[in-house]
Every structure is written in C-alpha cells, then in structure tokens.
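One-letter residues, chain by chain:
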Amino acid sequence: MADALISVKDLVLEAQDGGGWRQIVHGVSFDLAAGEVLGLIGESGAGKSSIGIAAMGRTRPGVRIASGSVRLEGKELIGAPEEDLRQISGQTVAYVAQSAAAAFNPAHKIIDQFAETAVQEGRMSAQAARALGLEIFRKLDLPDPERIAQSYPHQVSGGQLQRCMVAMAMACNPRAIIFDEPTTALDVTTQIEVLVAIRNAIAEFGTAAIYITHDLAVVAQIADRIMVLRNGREVESGAIGQILDTPAHPYTRDLLAVRKTPYGGSGKTEGAALATICNVSAAYGKAAPTIKDISLSIPEGRTVALVGESGSGKSTLGRVLAGLLPPVSGQIKLDGKQLAPDAMRRDKDTLRRIQMVYQSPDTALNPRHRVRKIVGRPVRFYFGTTGSALGDRVAELLGEVGLDETYLDRRSAEMSGGEKQRLCLARALAANPDLIICDEVTSALDQLIARDIVDLLKRIQQKSGVSYLFITHDIDTVRSIADDIVVLKSGEIVEQGSRETILNPPYADYTKLLLSSVPEMRHGWLDQAIAERQVSASRAHAAHDVHRSSK
Amino acid sequence: MLISVNLVAVLFAPLIAPYGETDTVGGVWSPGIWSADTPDISPPAILGTDQLGRDLLSRLIYGARNTILLAIVITALSFTIGVLLGFLAAVLRGWVDQTLSRIVDVLMAFPTLILALVVLSAMGTSTAVLIGVIATIDATQIFRVSRALARDIVVMEYFEAARLRGERVWWLMVEEVLPNALGPLMAEFGLRFCFVFLFISALSFLGLGIQPPTADWGSMVRENAAAISFGMLIPLFPALAIALLTIGINLVVDWFLQKSVGLKDG
C-alpha cells in the first residue's frame with residue numbers, strides 16, 4: 001500500500017537469550033493507514049510490545065531487528081541514523097507506555113514535562129506549549145486542568161496521570177501514536193475514563209494509532225482493525241466486526257470465550273462459619289483507618305469474594321485475617337475461637353490452617369529455592385514428613401495443581417507466570433489448610449491462564465472442601481467462582497450477600513458502576529456504558545446517602 | 001591463576017622462598033637481576049633487596065602468607081558478625097533493630113583508625129587483638145550493608161509466606177534472606193578484603209599492626225617508599241602484589257557468582 005502511514009513488512013525480531021539470539025517475532029507484516037486504529041492483541045510473550053516499539057524503528061535493550069522493513073510515510077526506518085529516529089519519535093510517532101507513574105519524572109511539574117519536548121525541538125515557546133497543554137488537558141476531560149498542570153505526578157490519580165501521558169503524546173501533533181497497554185494497570189472504573197479520553201483524542205486529532213493490549217474487549221471499543229498475535233506470529237487479522245463476529249482461528253475464539261466462563265461457586269450450602277471477622281478496623285501506622293468496622297464471615301467450604309477498586313482496603317482485610325496487620329479494633333475468630341491479632345502469636349496449627357496466595361508469583365516465590373524445597377518445606381514443617389514420603393507428597397501436590405515431576409528441580413525463573421501461580425497454590429495446599437486467602441491471584445496473569453487458575457481453584461475446592469477468601473478487583477472473575485460477595489469501597493462494606501443477590505438487579509449504585517465498567521466484547525459498549533454512567537451518576541448524586549441494606 | 005600463585009605462596013612459603021624471611025643477603029636496595037648491579041649471590045635476588053638488604057622476593061612470599069591469611073580471617077570474622085547481626089536486625093525489627101543499629105552508629109561515629117589505635121594501644125598488639133579489633137570495626141560497615149539488603153528482602157512476599165508459616169528466625173535468615181543477598185554480599189566481600197589489607201598496612205606503618213621483622217605487603221610498601229625517589233622499582237613490587245591479588249579476588253568472586261547463583265549483575 002503506497003498510502004500507508006506506517007508499513008511493517010516481514011518483521012523478524014530477535015531477543016538476547018544467554019549467549020545467543022532467539023527469534024521472538026517471526027515475520028509480521030501490517031499497514032497502518034492515516035487516521036486508522038489498529039489493535040494488536042495477544043498474551044504476554046506474544047511479541048506485541050516489541051512490534052509496537054519496532055514500528056518506531058527502535059528496539060528495547062536486548063532486542064534487535066533481524067530482518068524486514070519498517071517504513072514511515074515511505075521512508076525506511078530500519079538502519080536510519082539515530083538523528084532521524086529522534087526526530088521521528090515524539091514528533092511524527094508518539095508512544096504511550098503502560099505505567100504512567102514510571103514514565104513521568106517525579107521531580108518536575110506535569111506541565112513542564114509536557115512542554116519539554118515541544119520547546120526543545122524549537123517548535124514553540126514555553127508559553128505557547130503550556131497553553132497548548134491546558135487546551136489538550138481540557139479536551140481529554142481532565143478535571144480542573146490548571147491544578148493538574150501545576151501538580152507533580154504523585155499528586156494526581158493513576159487514571160489522570162495516564163490521561164496526561166496521552167496529552168503529552170498529542171503535544172507535537174503526531175501522525176501516529178503507539179499505545180502500549182495504557183489501561184492494563186488501572187481499575188475498571190478508571191479504565192473507562194482513560195479509554196474515552198484516548199478515543200476522543202484519536203478522533204479529535206485524526207491521529208492513527210496502534211493499540212496494544214491483551215484484552216480483546218478493550219480493543220474492541222477503539223480499534224478499526226485487529227491483529228491477533230501468538231508466539232510472535234500473526235494468528236489472524238481483520239476488521240473489528242469480522243474478528244468479533246466470525247473469528248476464523250480457534251485461538252481467537254478462545255480469547256472471545258474468556259468472558260463467557262460458566263457462573264457458579266462451590267454450590268455448597270451455607271454451613272457453619274469457619275472464620276468470622278467482627279467489627280474490624282485497621283490502619284497502617286498512625287494514618288487514618290484503611291478499613292472501618294468490617295464484619296463478615298467465611299462459611300466452611302464456600303468462597304467469599306471481596307471486590308473493590310484499588311485502595312478500597314480489600315487486600316488490607318486479607319492481611320488482617322492472616323495476622324500480618326494487627327487490627328486497631330475488632331476480633332477475628334476461627335471456628336468460634338478468637339485468634340491472636342498478630343500472626344507471630346498464633347500457634348503453628350492456626351498458621352497452618354490459614355494460607356495465603358499472592359497476586360504476583362514472582363515476588364511470592366523465593367527465587368533461590370527449587371520447586372522441591374518450595375513445596376516440600378511446608379509439608380516437612382507442619383507434618384514432619386521426611387524421606388521418600390516427603391517426595392511422594394510433593395509429587396502428589398504438584399499433580400493436584402497440574403504440574404509434574406519434571407518441575408522438581410526448577411527455580412521459579414524457569415517457569416511461566418501461570419506455572420508459578422500453580423506452584424504458589426501447591427505451596428498453600430501443602431499445609432492442608434482450611435482457608436486460603438487468594439489476593440488478586442489472577443490479575444497478573446493472561447486471561448486464558450487466569451481462567452485455568454480459577455478452574456483449578458474450583459476443582460481443588462470440590463475435592464478438599466477448602467474455603468476461599470477471594471480478593472479481586474475483577475467482578476467478572478467473581479461471577480465464576482464466588483458463593484458470597486462482599487463489595488468494598490473506601491474501607492467500608494457497600495453491600496454483601498449471595499452471588500445471586502449481588503449480581504442481579506436491583507443493584508446497589510456502586511456495584512452497578514463496577515459491573516457496567518467491565519468491558520464487553522462488542523462494538524459500541526463504551527458509548528452505552530458512558531451514557532449509563534452519566535445517568536446513574538446524576539441519580540447517585542441526588543440520592544447520595546441512600547444505601548441498600550446488606551443481605 | 002593469580003589466586004593460586006598466592007595460595008601456593010601461603011602454603012609453602014618456607015619451601016619456595018630462596019632466602020629466610022629475615023635473612024640479610026646483600027646491600028641496601030640493590031636492584032634485581034635485570035640490572036648489571038645485582039649482587040653476586042646464588043640464588044640471585046630476582047627482585048632485588050629491600051632497605052635492610054633482605055631478599056625482596058622471599059619477603060613477598062612470606063608476606064603473602066602473613067597478609068593474606070590475616071586478611072582472610074579478619075574479613076571472614078567481620079562478615080560473620082556483620083551479616084548475622086544485620087540480618088537479625090532486619091528480620092526481628094523493633095527494639096532489636098534499634099539497639100543494634102544505635103550501637104553500630106556509635107562505633108561508626110569514631111574515626112576508624114583512631115578507634116583502632118586507642119584499643120590496640122590499650123590492649124596490646126598481639127595478632128588476636130589485631131584481628132578482633134579490625135573485624136569489629138569492619139563489621140559495622142557490613143552490618144549496614146546486610147541490614148539494608150535484608151530489609152529489601154523481608155518485605156518480599158516469599159519472606160512473608162515463610163514468616164506466616166511460623167518459621168524460626170534462623171531459617172528465615174539462612175534460607176530466605178541469605179541466598180537472595182548473596183550476590184551483593186560476595187561483591188562486598190571482595191572489596192572489604194582489600195580494605196582490610198590497607199587497614200592492616202596503615203596500622204603497621206603506625207607501629208601497631210604486624211610487627212617487624214615479620215613481613216607483610218602493606219608495611220613493605222611503606223618501608224621501601226623512600227626508594228621510589230631514587231628511581232628504583234622496589235616499593236612497586238609489593239604494591240603490585242596487592243593490586244594483582246585484589247583483581248584476582250574480584251575475578252574469583254565474579255566467577256563464583258555466575259557459577260553458583262547464575263547472577264549476571266553483581
């Protein structure tokens with residue numbers, strides 16, 4: 001295509017692997033027409049970010065372009081001199097990274113950082129750049145643009161910061177912007193705002209964009225065309241409607257099916273309460289309490305999901321229950337017996353009965369230990385098992401979580417994200433616990449793998465009758481695992497009840513907001529959600545303090 | 001390679017040294033065998049002689065024995081103390097951490113050399129006291145490093161998981177913290193080892209370190225320093241020996257890190 005803005009042809013990328021080079025992208029081609037939005041979608045390791053960066057003629061450290069061509073308005077970028085590339089990046093093609101917090105310099109005001117590129121390139125005066133900044137901030141619907149412009153990055157919220165990043169990308173009026181997972185790190189309710197900002201910005205400025213994400217539902221709201229990638233190869237590509245309605249490849253169909261997981265929790269009827277939390281408030285240091293007067297109970301063999309945005313105090317509650325953060329007031333009971341607030345004062349058997357699985361398996365596994373030790377240690381520690389019995393038990397545990405004995409001598413660095421999370425689960429199961437606290441266990445994983453982990457959790461529950469406290473921000477996962485749901489906001493319970501009560505109308509306002517913010521896999525969902533939001537927001541304003549009573 | 005030469009010197013010093021540690025074999029500061037002026041003795045003084053006419057090579061070899069052994073003992077001792085207490089402070093936190101840290105602060109507030117001088121002149125200059133004093137002073141630095149390292153590790157979730165399991169402090173320190181702090185600690189070991197060298201030689205120069213006529217590289221540099229102004233190479237040999245050993249130790253540390261823990265960034 002002669003009129004393509006960016007034309008990538010047979011791109012082969014290699015990454016450094018030990019001493020040699022390993023192909024990570026095996027010949028990908030696409031064209032991006034002016035004003036068009038292309039969605040690149042795939043799981044982690046699919047090579048989508050590397051392709052995005054290569055589209056600017058650049059590579060990450062440790063990655064090189066082996067062959068192929070990248071043309072920008074007909075001009076070859078590969079092998080172009082550094083000077084030209086610098087001209088291009090920021091001016092013709094801009095880049096928006098996943099973590100805005102990491103991309104901003106914490107020591108300078110946002111508006112100064114905004115103006116920096118434009119002023120340095122000599123395109124406009126500092127004065128003009130600041131004025132332009134305010135104008136773009138306004139266009140992106142940032143509340144109180146003057147204040148945000150004068151703020152330092154840590155003084156604004158994550159969603160606002162991400163929108164500032166988008167504004168910055170717009171500063172030099174580029175022909176194309178590359179968005180690399182711009183909403184992945186955000187809460188669903190914030191994600192919506194950023195999505196709208198991005199879409200408006202693209203429409204307003206007529207910019208072309210490459211939108212990289214692992215979430216098909218998100219890209220469905222923005223892209224004109226989608227390319228599905230897997231293991232560095234194109235699986236299929238086509239117009240948005242065609243991919244959503246008539247996907248050709250089974251992998252695409254899998255991705256589409258992710259949000260259609262069967263509903264249901266353990267299905268166990270409510271029995272005796274295993275753990276109860278009574279009027280617990282907790283705070284970090286002398287700060288204002290993070291959670292206030294929370295009461296809930298976890299019945300035997302059932303799954304209680306704790307849902308809320310980041311900062312709602314849901315993880316804090318999990319830490320209080322585990323004894324990592326002694327509460328300021330309130331009690332925690334296990335089997336009706338009161339527990340010591342501090343884990344260090346609980347006896348070994350109590351510690352054994354409550355296990356924890358974390359969000360990020362990378363930091364939850366000792367990188368120097370091998371699988372044998374990671375799983376074997378709790379078995380030995382709690383039950384005194386040694387010798388061949390220990391080996392058998394470890395193998396059995398690994399089997400339960402879908403790993404086999406070939407993993408025994410590996411370290412966590414030699415395993416994939418999903419495998420690591422399975423290993424964490426095996427470590428928790430090794431203690432034969434009665435309650436497992438799952439703190440965002442699926443949110444660091446790709447969707448397909450997250451679904452497998454949820455299935456695994458359910459299977460284990462059926463077999464062993466363990467209870468879960470499932471902490472998550474993703475109300476969609478909740479549907480497929482929870483028996484009971486507790487919705488948390490700003491440290492307080494908004495509502496709690498069985499899954500049927502919470503997830504069916506009538507909704508509490510906040511729950512409705514959460515539910516409506518989950519992207520749906522169809523075109524036009526974003527407009528609808530925004531419209532609904534405005535309606536409910538005005539209504540919520542009118543009936544501010546009318547809460548639906550819990551249960 | 002560099003290390004193994006030194007190791008041989010340490011182990012078999014009396015066998016390979018052409019002369020005794022304190023034997024006077026020739027004139028003062030006679031040049032080595034590359035010069036026509038070398039004293040006519042057999043075996044020849046390959047590197048020349050020092051300020052009292054002793055064979056430099058022999059003294060280098062004996063010096064290796066004294067200096068390296070002493071430095072190893074001191075560094076090992078200070079690491080044992082420093083790392084143990086540093087980890088303990090980080091793992092237990094609370095008042096244990098406060099107490100240990102304040103004690104270390106007090107010790108570090110004194111200039112190290114003066115502190116060492118005071119203690120050594122009060123308690124005598126036997127080797128045991130020397131080792132103890134330098135190790136204690138060095139341990140304060142290592143305490144700082146290992147406490148900082150451990151503090152980064154105790155906030156990791158795998159550590160939290162082990163703590164929640166009810167593991168004892170010893171397990172937490174040895175199994176969870178130590179392997180993950182090993183990289184930076186080994187690098188620190190290589191560096192500290194050389195500092196100890198210099199510290200010993202500084203003390204020796206002031207007359208409180210290794211006592212003459214015992215040979216050690218640091219004092220050999222000092223004793224022969226004046227020769228450099230006569231255009232002679234003699235003081236450079238012990239200095240070169242220190243430098244080579246330093247590089248050697250660091251190479252070994254790097255190699256060990258890559259080999260044993262697969263660390264690429266020291």
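It should be emphasised that the depicted structure is a prediction, and the values quoted were computed from it without experimental measurement. In every chain, residue numbers begin from 1 and rise along the written sequence. Labels follow written order: the first chain is A, the first ligand is 1, and so on. This being a predicted model, a pLDDT of at least 70 is required before a residue's local features are given, and a value of 80 or more before pairs of side-chain atoms are given or counted; all residues contribute to the totals for chains, interfaces and linings.

The helix and strand tally for chain B stands at nine helices and zero strands. Secondary structure elements in chain B, listed N-terminal to C-terminal, are α-α-α-α-α-α-α-α-α. Each residue is classified by how many other C-beta atoms fall within 10 Å of its C-beta atom, where C-beta atoms are placed from the backbone; a count of 20 or more means buried, 12 or fewer means exposed, and values in between mean partly exposed. Within chain B, the proportion of its 266 residues that are buried is 41%. Placing a C-beta atom from the backbone of each residue, one calls two residues in contact when those atoms lie within 7 Å. When contacts within chain B are restricted to residue pairs at least 6 apart in sequence, long-range pairs at least 24 apart make up 65% of them. Every helix listed is a DSSP run of H or I at least four residues long, and every strand listed is a run of E at least two residues long, numbered separately from the N terminus.

Our next topic: the overall build of chain A. In terms of regular secondary structure, chain A is built from 22 helices and 20 strands. Radius of gyration means the value over C-alpha atoms here, while the globule rule gives 2.2 Å times the residue count to the 0.38 power. Computed over C-alpha atoms, the radius of gyration of chain A comes to 25 Å, within 12% of the 24 Å expected from 2.2 N^0.38 for 551 residues, which places it in the range of a compact globule. Considered along the principal axes of its C-alpha atoms, chain A spans approximately 70 × 60 × 45 Å. Scored against the burial criterion, the 551 residues of chain A give a buried share of 46%. Within chain A, residue pairs in contact and separated by at least 24 positions form 68% of the contacts whose partners lie at least 6 positions apart.

Another point: the sheet that holds strand β12 (residues 291–299) of chain A. For sheets, the rule is that strands pair by backbone hydrogen bonds, running either parallel or antiparallel. All names here are of chain A. Two strands qualify as a pair provided that DSSP identifies no fewer than 2 bridges between them. In space, the four strands of this open sheet follow the order β12-β11-β14-β15, with antiparallel pairing throughout. A strand with exactly one partner marks an edge of an open sheet, and here the two such strands are β12 and β15 (337–338). Sheet topology note: the strand β14 (residues 329–334)/β15 ladder contains two bridges and is antiparallel. The residue of β15 that forms the bridge with L334 is K337.

Residues and elements named next belong to chain A. Judged by pairing direction, the sheet is antiparallel, and its four strands sit side by side in the order β2-β1-β4-β5 without closing on themselves. The open sheet is flanked by β2 (20–33) and β5 (75–76), the only strands paired with a single partner. Pairing of strand β4 (residues 63–72) with β5, which is carried by two bridges, proceeds in the antiparallel orientation. Residue pairing in the sheet places L72 in a bridge with K75 of β5.

The next thing to look at is the pairing of strand β18 (residues 467–472) of chain A. When a strand is regular, its side chains alternate between the sheet's two faces. All names here are of chain A. Taking burial as the measure, the six residues of β18 include six buried ones, the bulk of the element. Judged by which residues are buried, β18 turns out to be covered on both faces: S467, L469 and I471 on one side and Y468, F470 and T472 on the other are all buried. Both strand β13 (residues 303–307) and β18 contribute to a ladder of five bridges, which runs parallel. Residue pairing across strands places A305 opposite F470, the latter belonging to β18. With five bridges connecting them, strand β17 (residues 435–439) and β18 associate as parallel partners. Across the sheet, L435 pairs through a bridge with S467, a residue of β18. Crossover handedness is defined by viewing with both strands directed away from the observer: a clockwise path from the first strand over the helix to the second marks the crossover as right-handed. The parallel pair β17 and β18 is bridged by helix α18 (residues 447–464), and the resulting crossover is right-handed.

One finds A:L306, A:V307, A:L321, A:A426, A:L469, A:F470 and B:I134 to be the most contacted residues of the largest nonpolar core, which totals 137 residues. Sorting elements by how many residues they give to this core places helix α2 (residues 56–92) of chain B first, with 18 residues. With sequence-adjacent residues up to four places away left out, A:L306 is seen in contact with A:K314, A:L317, A:L469, A:F470, A:I471, A:V486 and A:L488. Nonpolar cores are built from buried Ala, Val, Leu, Ile, Met, Phe, Trp, Tyr and Cys residues. These are joined into a set through C-beta atoms within 7 Å. In this structure, A:A100, A:L161, A:M170 and A:A529 belong to the second largest nonpolar core, which totals 86 residues.

How big an interface is tends to be stated in terms of accessible area lost as the parts join. Facing the 12 residues of chain B at the interface are 15 residues of chain A. Those elements giving two or more residues to the side of chain B that touches chain A turn out to be α6 (157–165) and α7 (169–205) of chain B. For the side of chain B that touches chain A, the per-class residue count stands at six nonpolar, two polar and four charged. Amino acids outside the nonpolar list (Ala, Val, Leu, Ile, Met, Phe, Trp, Tyr, Cys, Pro) and the charged list (Asp, Glu, Lys, Arg) are all regarded as polar, and Gly is one of them.

Attention now goes to unusual backbone geometry. Here A:N279, not a glycine, exhibits a phi torsion of approximately 45 degrees, which is positive. Relative to the helices and strands, A:N279 is located in strand β11 (residues 273–282). Here B:R93, not a glycine, exhibits a phi torsion of approximately 50 degrees, which is positive. Of note, B:R93 is situated in the loop between α2 and α3 (94–109). In this structure B:R93 comes out as exposed when scored by C-beta crowding, with 12 C-beta atoms within 10 Å.

It is worth spelling out the pairing of strand β20 (residues 492–498) of chain A at this point. Residues and elements named next belong to chain A. Both strand β19 (residues 484–489) and β20 contribute to a ladder of six bridges, which runs antiparallel. Within the sheet, the bridge partner assigned to I485 lies in β20 and is G497. Between β19 and β20, which pair antiparallel in sequence order, lie two residues; one of them, S490, sits at a positive phi of approximately 45 degrees.

Turning our attention to α3(B). In this model α3(B) runs 22 Å from its N-terminal to its C-terminal C-alpha over 16 residues, within 8% of the 22 Å that 1.5 Å per residue would give. With one of 16 residues buried, α3(B) is to be regarded as a mostly surface element. Helix span, as expected, comes to 1.5 Å for every residue beyond the first.

It is worth spelling out α6(B) at this point. Because an α-helix completes one turn every 3.6 residues, residues spaced three or four positions apart along the sequence face the same direction. Residue and element names in this part refer to chain B. Burial of α6 is extensive: nine of the nine residues sit out of reach of the surface. Buried within α6 we find E157, Y158, F159, E160, A161, A162, R163, L164 and R165. Downstream of α6 by one or two residues, G166 has phi in the positive range, about 95 degrees.

Here we come to the confidence of the model for chain B. Scored from 0 to 100, pLDDT reflects the predictor's confidence in each residue. With 71% of its residues at a pLDDT of at least 70, chain B reaches an overall mean of 75. What the predictor reports for the complex is a pTM of 0.76 with an ipTM of 0.72.

What follows concerns the packing of α2(B) against helix α5 (residues 127–154) of chain B. Residues and elements named next belong to chain B. As a rule, the C-alpha atoms of each element are fitted with a line to give its axis, helices using only the stretch in contact, and angles between N-to-C directions run from 0 to 180 degrees. Packing of α2 against α5 leaves a shortest axis separation of 6 Å and a crossing angle of 40 degrees. Taken as axis vectors, α2 and α5 run oblique relative to one another. Along this stretch, α2 crosses α5, giving a crossing that reads as right-handed. For the contact of α2 with α5, the class distribution of residues is 20 nonpolar, four polar and three charged. Each angle gets one of four labels, with under 35 degrees taken as roughly parallel, over 145 as roughly antiparallel, 65 to 115 as roughly perpendicular, and the rest as oblique. Crossing chirality is assigned from the near helix's rotation relative to the far helix, an anticlockwise turn below a right angle marking it left-handed and a clockwise turn marking it right-handed.

The next point concerns the packing of helix α17 (residues 417–429) of chain A against α18(A). Residues and elements named next belong to chain A. For the pair α17 and α18, the least separation of the axes is 10 Å and the interaxial angle reads 20 degrees. In terms of axis orientation, α17 runs roughly parallel to α18. Here α17 runs over α18; the crossing is right-handed. Taking contact as the criterion, the partners of G417, G418, Q421, R422 and L429 in α17 are, on α18, I449, D452, I453, L456 and I460.

Turning next to the environment of A:H26. Residues and elements named next belong to chain A. Its place among the elements puts H26 in strand β2. C-beta crowding within 10 Å serves as the criterion here: with 16 such atoms nearby, H26 is assigned to the partly exposed category. Each C-alpha atom, one on H26 and one on R233, is 5.8 Å from the other, the two residues being 207 residues apart in sequence. Those residues in contact with H26 that lie beyond four places of it in its chain are V12, G232 and R233.

Residue and element names in this part refer to chain A. Looking at where W21 falls in the secondary structure, it is placed in strand β2. When the C-alpha atoms of W21 and V63 are compared, they prove to be 8.6 Å apart, with 42 residues separating the residues in sequence. Ignoring any residue separated from it by four or fewer positions in sequence, one finds W21 in contact with E14, A15 and Q16.

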